[in-house]
Amino acid sequence: MLSRIKDLATDLAPRLIEIRRHIHSHPELSGQEYQTAAYVAGVLSSFGFHVQELVGKTGVVAELRGEGTDERILAIRTDMDALPIQERTDLEFSSRHPGVMHACGHDVHTTVGLGTAMILAQLGVPLPGTTRFLFQPAEETAQGAHWMIRDGVMEGVSSILGVHVWPSVVGGSIGVRYGALTAAADDLEITIIGESGHGARPHEAIDAIWIASQVITSLQQAISRTQNPLRPVVLTIGQIQGGRAPNVIADQVRMLGTVRSLHPETSERLPEWIEQIVASVCQTYEARYTLNYRRGVPSVQNDFTLTQIVESAASEAWGSDRVRILLEPSLGAEDFSLYLGHAPGMMFRLGVAFEDQVNHPLHHPQFKVNEEAIITGVVTMAYAAYKYWQKKG
Ligand code: NI
């Protein structure tokens, strides 16, 4: 079956590259993927799929019905949105939409989703259960998975697979990580409320700027002394506002930040832990505070069995020297994790680096993809799905 999948992929390669370039040159921002969704739906329809549009606002769903008695549903999720970045590559198919760019490879993901659907539909052997293809909008704003789940795409799903391009792995290779792949990412907003006064008479005021600096310092020190160093926590205050004049003590400071962590138990406890520190500093200096901790997305935790399936599919397809076991997770965030609240899943990394040129990171205006990755991704995904269906549930 592997050679059949590889042959189908080779035949489809020119079409897949055309699809990827079309999507790349017509990027759309999160939640506005109308043209992309219509294009995806058109490609799926031309391959005989019955397509549901406007699922999760601008998402697309198609199913390949199983022909056996297996009641499991395998979902394959890809994302379709682009970023508010002005593309600065020299590609002939670079973005035609000013200020919008596929700088995170979601054009490649969508193409891998489409290619996998095409291959599984043409396999020539019936699959025992249903494969559901999810083309998700708005991953960059961490909204799309919520919208898709709200519209019921995870109903009946037993397992889910996903893919993300990775510029530190060379094109033609796959990166596989057991366990945590990405971090939980939450938003933090703290307001310190003191009392204004003359800059020369600090004892008559409550200096919100100085107390805010104590809060930041205490939080950073407490991370290093109270959090398990093998379970990383990153807290970044990225925005701070307060004060009106050089000689007036500020009565209010507002701080905005992001909090990243990898272990679910750590993530669980972070809001309370942060509040204790803020509260104790404020109490010491008689300030008041408000704290707003907003949960973002949880960490992606790859399921062990599904990771084994993907690793063995990739090793058989490409040889084990083209499968990199990733030893480190990323502290980036990925809303694929939200699906994992409904079914076990696995996201693999698709190498897109060039061996002979400078590789820019994701979200960079000169980010480029080694298109060899498209076939690697499609074959790996399709063969992993095939192997999944061969395994008894
Ligand atoms: Ni991305």
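See the structure shown above.
What you see is a predicted model, and the numbers here were worked out from it, not measured in a lab.

> Help me get a handle on the sheet that holds strand β8 (residues 184-193), residues and values and all.
Ordered by their spatial adjacency, four strands build an open sheet running β10-β12-β8-β13, and the pairing between neighbours is antiparallel. The open sheet has two free edges, formed respectively by β10 (233-242) and β13 (288-297), since each of these has just one partner strand. Strand-to-strand, the axes of this sheet are offset by a mean angle of 15°, without reference to chain direction. Bridge analysis of β10 against strand β12 (residues 252-261) gives nine bridges, and the strand direction is antiparallel. What sits directly across from Ile 240, in β12, is Met 255. Along the sheet face, helix α6 (residues 264-284) touches β8, β10, β12 and β13 and points at about 165° away from the line of β13.

> Now, about helix α9 (residues 372-390): what can you tell me, with residues and values included?
One full turn of an α-helix is made of 3.6 residues, so residues set three or four places apart face in the same direction. Compared with the 27 Å implied by 1.5 Å per residue over 19 residues, the 28 Å span of α9 between its first and last C-alpha is a close match. Burial within α9 is extensive, with 16 of its 19 residues counted as buried.

> I'd like a rundown of the pattern of salt bridges, residues and numbers included.
Considering all chains together, one arrives at 20 salt bridges under this definition. Glu 371 is the salt-bridge partner of Arg 20, the closest N and O atoms lying 3.0 Å from each other. Taken together, the residues Arg 20 in helix α1 (residues 2-25) and Glu 371 in the loop between β16 (345-353) and α9 connect sequence positions 351 residues apart. Judged by its relative accessible area of 2%, Arg 20 falls in the buried class.

> Could you give an account of unusual backbone geometry, naming the residues involved and the relevant values?
Phi at Ala 138 takes a positive value of approximately 50°, unusual for a residue other than glycine. Topologically, Ala 138 is positioned in the loop between β4 (130-136) and α4 (144-150). For Ala 138, a relative accessible area of 0% corresponds to the buried category. In this structure, Glu 286 takes a positive phi of about 60° despite not being glycine. Summarising the element assignment, Glu 286 is placed in the loop between α6 and β13.

> Hey, could you go over the sheet that holds strand β6 (residues 174-176) for me, with residue numbers and the actual values?
The strands making up a sheet are joined through hydrogen bonds of the backbone, oriented either antiparallel or parallel. Within the open sheet, the eight strands sit side by side as β1-β2-β4-β3-β5-β16-β6-β15. Their pairing is mixed. Of all strands in the sheet, those bounded by a partner on one side alone are β1 (51-55) and β15 (323-325). Pairwise comparison of adjacent strand axes, ignoring direction, gives a mean angle of 25° for this sheet. Where strand β5 (residues 159-170) lies against β16, eight bridges are found, and the strand directions are parallel. Paired with Ile 160 across the two strands is Gly 345, which belongs to β16.

> Give me the packing of aromatic side chains: which residues, what numbers.
Aromatic rings considered in pairs are described by the distance between their centres and by the relative angle of their planes. Throughout the structure, instances matching the rule amount to six aromatic pairs. With a centroid separation of 6.0 Å and an interplanar angle of 80°, the aromatic rings of Phe 49 and Phe 133 are classed as edge-to-face. One end of the pair, Phe 49, is in the loop between α2 (34-46) and β1; the other, Phe 133, is in strand β4, and 84 residues separate them in sequence. The exposure class of Phe 49 is buried, given its relative accessible area of 7%. An angle of 50° between the planes, with centres 5.3 Å apart, marks the rings of Tyr 178 and Phe 304 as tilted. Highlighted residues: Tyr 178 in the loop between β6 and β7 (179-180) and Phe 304 in helix α7 (residues 304-318), separated in sequence by 126 residues. Judged by relative accessible area, which is 51%, Phe 304 ranks as exposed. Here Lys 57 stacks its cationic end above the ring of Trp 147, 4.2 Å away from the centre of that ring. Between the NZ or CZ atom of Arg 72 and the centre of the ring of Tyr 388, over which it lies, the distance is 4.6 Å.

> Describe in detail the packing of α1 against helix α3 (residues 106-121), supporting the description with residues and values.
Between two packed helices, both the angle of their axes relative to each other and the distance between the axes serve to describe the pair. Where α1 meets α3, the axes come as close as 9 Å, and the angle between the chain directions of the two elements is 145°. Note that α1 runs across α3; the crossing there is right-handed. Between α1 and α3, the contacting residues are Ile 5, Leu 8, Ala 9, Leu 12, Leu 16, Ile 19, Arg 20, Ile 23 and His 24 on the first element and Asp 107, Val 108, Thr 110, Thr 111, Leu 114, Gly 115, Met 118 and Ile 119 on the second. Of the residues in the contact of α1 with α3, the class split is 11 nonpolar, four polar and two charged.

> Now, about α7: what can you tell me, with residues and values included?
With 15 residues, α7 should reach 21 Å at 1.5 Å per residue; the first-to-last C-alpha distance of 21 Å fits that figure. Within the span of α7, buried status applies to Leu 306, Thr 307, Ile 309, Val 310, Ala 313, Ala 314, Ala 317 and Trp 318. Burial along α7 is one-sided: seen end-on, the buried residues are contained in an arc of 160°. Measuring from the backbone nitrogen of Thr 305 back to the side-chain oxygen at the start of α7 gives 3.3 Å, which picks out Asp 303 as the cap.

> Describe the nonpolar core, with residues and values.
Leu 44 and Ile 119 are the most contacted members of the largest nonpolar core, which has 69 residues in total. When residues of this core are assigned to their parent elements, the largest contribution, 12 residues, is made by α9. Among residues more than four places away in sequence, those in contact with Ile 119 are Ile 5, Leu 8, Ala 9, Leu 12, Val 378 and Ala 382. Within the second largest apolar cluster, 25 residues are counted, among which are Ile 190, Leu 235, Met 255 and Ala 287.

> So what about the packing of α3 against α9? Which residues, and what values?
The N-to-C vectors of α3 and α9 enclose an angle of 50°; their axes lie 8 Å apart at closest approach. With respect to α9, the element α3 is oriented oblique. Where α3 crosses over α9, the two elements pack in a sense that is right-handed. Of the residues in α9, those in contact with Val 108, Thr 111, Val 112, Gly 115, Thr 116, Ile 119 and Leu 120 of α3 are Ile 374, Gly 377, Val 378, Met 381, Ala 382 and Ala 385.

Definitions and limits used
Residues numbered from 1 in each chain as written. Predicted model: local features only at pLDDT ≥ 70, side-chain atom pairs only at ≥ 80, totals over all residues. Heavy atoms only, no water. Pairing = 2+ DSSP bridges. Helix = DSSP H or I, 4+ residues; strand = E, 2+ residues; numbered from the N terminus. Axes fitted to C-alpha atoms, helices over the stretch in contact; angles between N-to-C directions. Contact = heavy atoms within 4.5 Å. Expected span 1.5 Å × (residues − 1). Buried < 20%, exposed > 50% of the residue type's maximum accessible area, 1.4 Å probe, protein only. Salt bridge = Lys/Arg side-chain N within 4 Å of Asp/Glu carboxyl O. Phe/Tyr/Trp six-rings, centres within 6.5 Å; stacked < 30°, edge-to-face > 60°. Lys NZ or Arg CZ within 6 Å of the ring centre and 35° of its normal. Left-handed = near helix turned anticlockwise from the far one by under 90°. Nonpolar A, V, L, I, M, F, W, Y, C, P; charged D, E, K, R; others polar. Arc of directions from axis to C-beta. Polar contact = N/O pair within 3.5 Å; in protein donor to acceptor, adjacent residues only side chain to side chain. Core = buried A, V, L, I, M, F, W, Y, C linked by side-chain atoms within 4.5 Å. Parallel < 35°, antiparallel > 145°, perpendicular 65-115°, else oblique.

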